[in-house]
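Residues per chain, in single letters:
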Amino acid sequence: MKTILYNNKMKYPSPILLGILGLCAALNAFAAETNLPAIIPLPARIEARAGAFRLRPGTRIVVDSASRETGEFLAQRLRQATGYKFPIRASDQTQPVKRAILLAAGGLPSGGGAEAYQLTVAPDSIVLRGSNQTGLFWGVQSLLQLLPPEALADKPAKGKDWNIPCVQIEDQPRFAWRGFMLDVSRHFFTKEEVKQFLDLMALYKLNTFHWHLVDSDGWRIEIKKYPRLTEIGAWRSDIGYKLDPKSSTAYGADGRYGGFYTQADIREVVAYAQARHVTIVPEIEMPGHSRAALSAYPEFSCTGGPYSTDPDKSSGLGVYCAGKDESFEFLQNVLTEVFDLFPGKYIHIGGDEVNKDSWKKCDRCQARMKAEGLKNEEELQSYFIRRMEKFINAHGRTLIGWSEIRQGGLAESAVVMDWIGGGLESAGDGHDVVMSPEQFCYLDHWQSTNHAAEPRAFGKSGPKWNLPWPKVYAYEPVPAGLDPRLQSHILGAQGNLWTELVASMSHAEYMAFPRLCALSEVTWSPQASRDEADFRRRLDPQLRRFDCLGVNYHKVASAGSE
Ligand code: TNX
């Protein structure tokens with residue numbers, strides 16, 4: 001009998017654990033046969049036991065009335081590779097679960113947090129309980145990761161033994177915000193590609209998809225009241241950024257580069273995310289990074305334009321005029337449609353890198369500053385954000401923005417997304433914060449120092465731009481020096497994939513993985529269980545899983561090969 005324990009109180013593996021691991025390494029065949037659990041992110045508590053549950057053609061999935069949809073998700077995921085039917089049956093409390101997988105919500109002995117689950121795999125039954133459907137769904141992801149990687153392939157893998165090693169897991173996340181941001185403005189990713197990312201997020205229990213829908217190089221969301229946003233703002237004359245035009249397929253019928261999501265597309269993606277317990281946070285950039293919107297509606301700028309979506313031929317990032325009430329009305333009308341499409345609590349308004357030169361030269365902006373008693377353009381930016389915040393709050397939502405929204409004074413109830421600082425200070429002042437500092441969370445940066453062997457990445461050589469996965473893995477989201485009583489203001493952390501230089505899905509996957517796997521563990525698992533060597537061991541089967549899923553990734557040296 002072999003037992004491996006991890007728990008959140010254990011800082012270092014015990015000598016017994018090390019002894020067992022050593023023995024397993026020596027008896028390689030034994031280890032392969034028993035299939036050491038290799039779940040990412042590491043569960044809060046996991047205990048390996050002897051034996052395995054084998055999926056068979058007749059294995060049933062037994063569900064309580066609330067868990068049918070989750071049962072169906074599991075069945076669908078397993079049917080493709082195994083070719084088994086996995087009939088779903090309503091649970092009958094009076095019958096013991098035999099040769100079946102039971103999924104049930106509620107009744108966790110520990111109570112558990114909102115996303116907690118408990119999984120017991122025994123030779124003749126699997127019992128998975130979630131504190132609710134979300135917890136149960138994360139438990140399903142752990143169960144999938146206990147299977148051989150081929151279980152996730154979309155083709156039948158005949159003659160395979162579908163063994164699930166016996167295990168006892170009690171699990172719940174460390175942070176509520178486990179995020180991934182995709183920039184679909186610089187490069188347009190189709191709704192199918194976005195769904196593929198949502199599937200991969202779910203596999204690693206990442207629950208917040210930040211959809212960067214708007215930036216200077218392309219407006220990607222249909223707004224019925226302002227059709228030119230997508231007729232003009234969603235397209236540019238060519239791919240730009242000195243990229244090979246053939247590196248992307250995102251061209252319209254007329255040869256222009258770009259694309260957009262219709263409101264029906266957005267609803268479809270939102271529903272797809274909801275079914276995977278992922279919340280989408282839409283980002284509508286303001287007041288800067290707005291050239292695409294202003295190329296379509298230049299009247300909302302200080303000068304009246306013209307503006308272009310073309311990154312190489314246009315100067316500046318584009319800023320809305322803060323002196324015109326019409327700019328605010330325009331953005332509020334846009335957000336009204338956004339509220340209707342996205343049911344989540346948070347609305348991201350960007351707020352980064354606002355070039356205030358045009359405000360300095362604009363009579364209307366200067367008049368606004370005078371009328372409102374604002375001392376400088378930073379305070380004018382704060383006025384802009386606060387005015388939008390009032391509107392967002394009046395619609396029952398919460399504003400979130402990048403570090404720079406702190407300039408000139410942070411809006412009352414705003415959440416800060418820290419990319420260049422301000423997280424510590426904002427949490428210290430009682431604001432909620434999401435950590436995504438560029439040194440640790442920027443998935444557009446290089447993954448190794450051998451740039452010749454890598455596809456294009458953002459930045460130059462040097463440590464600032466070098467982000468191999470172990471550096472992500474070592475990241476601690478709670479800033480040093482934050483008063484322990486305020487640490488709950490750190491909602492979590494997020495990996496950001498900017499796509500100026502990432503023009504295809506396979507390149508995007510390469511940038512995201514395995515760094516997002518590392519981030520999933522940073523945001524989900526107990527801090528005390530962080531162990532790079534053990535993570536590397538568990539990474540091997542994940543990379544095989546990517547092979548089976550047809551997902552590209554940065555090649556990582558195998559465990560034990562370095
Ligand atoms: C800064 S991060 C930006 C993005 C760029 C990125 C490149 C942030 C809020 N703004 O617009 O794409 O750097 O790494």
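Residues numbered from 1 in each chain as written. Predicted model: local features only at pLDDT ≥ 70, side-chain atom pairs only at ≥ 80, totals over all residues. Heavy atoms only, no water.

**So, the overall build of the protein**
Thinking step 1. Helices and strands together make up the secondary structure of the protein, namely 18 helices and 20 strands.
Thinking step 2. Relative to the compact-globule value of 24 Å for 562 residues, the protein shows a C-alpha radius of gyration of 25 Å, a close match.
Thinking step 3. Counting only C-alpha atoms and orienting by the principal axes, one finds that the protein spans roughly 80 × 55 × 50 Å.
Thinking step 4. Here the protein, with 562 residues, has 57% of them falling under the buried criterion.
Thinking step 5. A fraction of 73% describes how many contacts in the protein between residues 6 or more apart in sequence connect residues 24 or more apart.
Thinking step 6. Here the protein has roughly 22300 Å² of accessible surface; of this, 53% comes from carbon and sulfur atoms. (Helix = DSSP H or I, 4+ residues; strand = E, 2+ residues; numbered from the N terminus. Rg over C-alpha atoms; globule rule 2.2 N^0.38 Å. Buried < 20%, exposed > 50% of the residue type's maximum accessible area, 1.4 Å probe, protein only. Contact = heavy atoms within 4.5 Å. Areas by Shrake-Rupley, 256 points an atom, 1.4 Å probe, with all protein chains shown as cover.)

**Brief notes about the site of the ligand**
Thinking step 1. What surrounds the ligand is the set Arg-186, His-289, Asp-352, Glu-353, Trp-402, Trp-419, Tyr-442, Asp-444, Phe-458, Trp-498 and Glu-500.
Thinking step 2. One of the side-chain N or O atoms of Arg-186 is found 3.0 Å from an oxygen atom in the ligand.
Thinking step 3. Between an oxygen atom of the ligand and a side-chain N or O atom of Asp-444, the distance comes to 2.7 Å.
Thinking step 4. Against a free-state accessible area of 360 Å², the protein chains account for coverage of 95% of the ligand.
Thinking step 5. For the shell around the ligand, the class distribution of residues is 5 nonpolar, 1 polar and 5 charged. (Near = heavy atom within 4 Å. Polar contact = N/O pair within 3.5 Å; in protein donor to acceptor, adjacent residues only side chain to side chain. Nonpolar A, V, L, I, M, F, W, Y, C, P; charged D, E, K, R; others polar.)

**Digging into the nonpolar core**
Thinking step 1. The biggest cluster of nonpolar side chains holds 155 residues, and the ones touching the most others in it are Trp-211, Trp-219 and Ile-221.
Thinking step 2. Discounting chain neighbours no more than four positions away, the residues touching Trp-211 are Leu-182, Val-184, Val-194, Tyr-261, Ile-266, Val-269, Ile-280, Val-281, Pro-282, Glu-283 and Phe-342.
Thinking step 3. Counting 13 residues, the second largest nonpolar core, distinct from the first, contains Met-181, Val-281, Trp-402 and Trp-498. (Core = buried A, V, L, I, M, F, W, Y, C linked by side-chain atoms within 4.5 Å.)

**A closer look at the domain arrangement of the protein**
Often, the extent of an interface is quoted as the loss of accessible area upon association of its parts.
Thinking step 1. Under the domain assignment, the protein is made up of domain 1 (36-171) and domain 2 (177-524).
Thinking step 2. Between the C-alpha centres of domain 1 and domain 2 there is a distance of 36 Å.
Thinking step 3. Of the residues lining the interface, 17 residues belong to domain 1; the matching set on domain 2 comes to 14 residues.
Thinking step 4. Together, Ile-40, Pro-41 and Trp-138 form the three largest contributors to the area buried by domain 1 at its contact with domain 2, with a combined 39%.
Thinking step 5. Counting across the interface, domain 1 meets domain 2 through 1 salt bridge.
Thinking step 6. Where Glu-115 meets Arg-178, a salt bridge forms, and the shortest distance between an N and an O atom there is 2.7 Å.
Thinking step 7. Taken together, the elements giving at least two residues each to the side of domain 1 that touches domain 2 come down to helix 3 (68-82) and helix 4 (133-146).
Thinking step 8. Per element, the largest residue contribution to the side of domain 1 that touches domain 2 is 7 residues, and it comes from helix 4. (Domains from an automatic or database assignment. Buried area = accessible area lost by both parts, 1.4 Å probe. Salt bridge = Lys/Arg side-chain N within 4 Å of Asp/Glu carboxyl O.)

**A look at unusual backbone geometry**
Thinking step 1. Cis rather than trans, the peptide bond between Ile-40 and Pro-41 has omega equal to 0°.
Thinking step 2. On the secondary structure map, Pro-41 appears in the loop between helix 2 (28-34) and strand 2 (45-54).
Thinking step 3. Note the cis peptide between Phe-513 and Pro-514, where omega equals 5°.
Thinking step 4. Note on placement: Pro-514 falls in the loop between helix 16 (505-512) and helix 17 (515-524).
Thinking step 5. A positive phi angle, close to 60°, is found at His-277, a residue other than glycine.
Thinking step 6. Here His-277 shows up in the loop between helix 7 (263-275) and strand 15 (279-286).
Thinking step 7. Backbone geometry places Glu-353, a non-glycine residue, at a positive phi of 45°.
Thinking step 8. Positionally, Glu-353 belongs in the loop between strand 16 (346-350) and helix 10 (357-361).
Thinking step 9. Taking relative accessible area as the criterion, Glu-353 reaches 39% and is therefore assigned partly exposed.

**What to know about the state of the cysteines**
Defined simply, a disulfide is a covalent bond joining two cysteines at their sulfur atoms.
Thinking step 1. In total, this model carries 0 disulfides according to the counting rule given.
Thinking step 2. Distance from the sulfur of Cys-321, which forms no disulfide, to the nearest cysteine sulfur (Cys-365) is 3.8 Å.
Thinking step 3. Given a relative accessible area of 0%, Cys-321 falls into the buried group. (Disulfide = S-S within 2.5 Å.)

**Description of the packing of aromatic side chains**
Thinking step 1. In the structure shown here, the tally under the stated rule is 34 aromatic pairs.
Thinking step 2. Measuring from centroid to centroid gives 5.5 Å for Phe-137 and Trp-138, while their planes differ by 65°, and the two rings are edge-to-face. The two residues Phe-137 and Trp-138 agree in class, both being buried.
Thinking step 3. Pairing Phe-513 with Phe-546 gives two aromatic rings, centres 4.9 Å apart and planes at 45°, and the pair type is tilted. With Phe-513 in the loop between helix 16 and helix 17 and Phe-546 in helix 18 (residues 532-549), this residue pair connects regions lying 33 residues apart in the sequence. Each member of the pair, Phe-513 together with Phe-546, is buried.
Thinking step 4. Over the ring of Trp-524 we find Lys-205, and its NZ or CZ is 5.5 Å from the ring centre.
Thinking step 5. Lying over the aromatic face of Tyr-553, Lys-555 brings its terminal NZ or CZ to 4.4 Å of the ring centre. (Phe/Tyr/Trp six-rings, centres within 6.5 Å; stacked < 30°, edge-to-face > 60°. Lys NZ or Arg CZ within 6 Å of the ring centre and 35° of its normal.)

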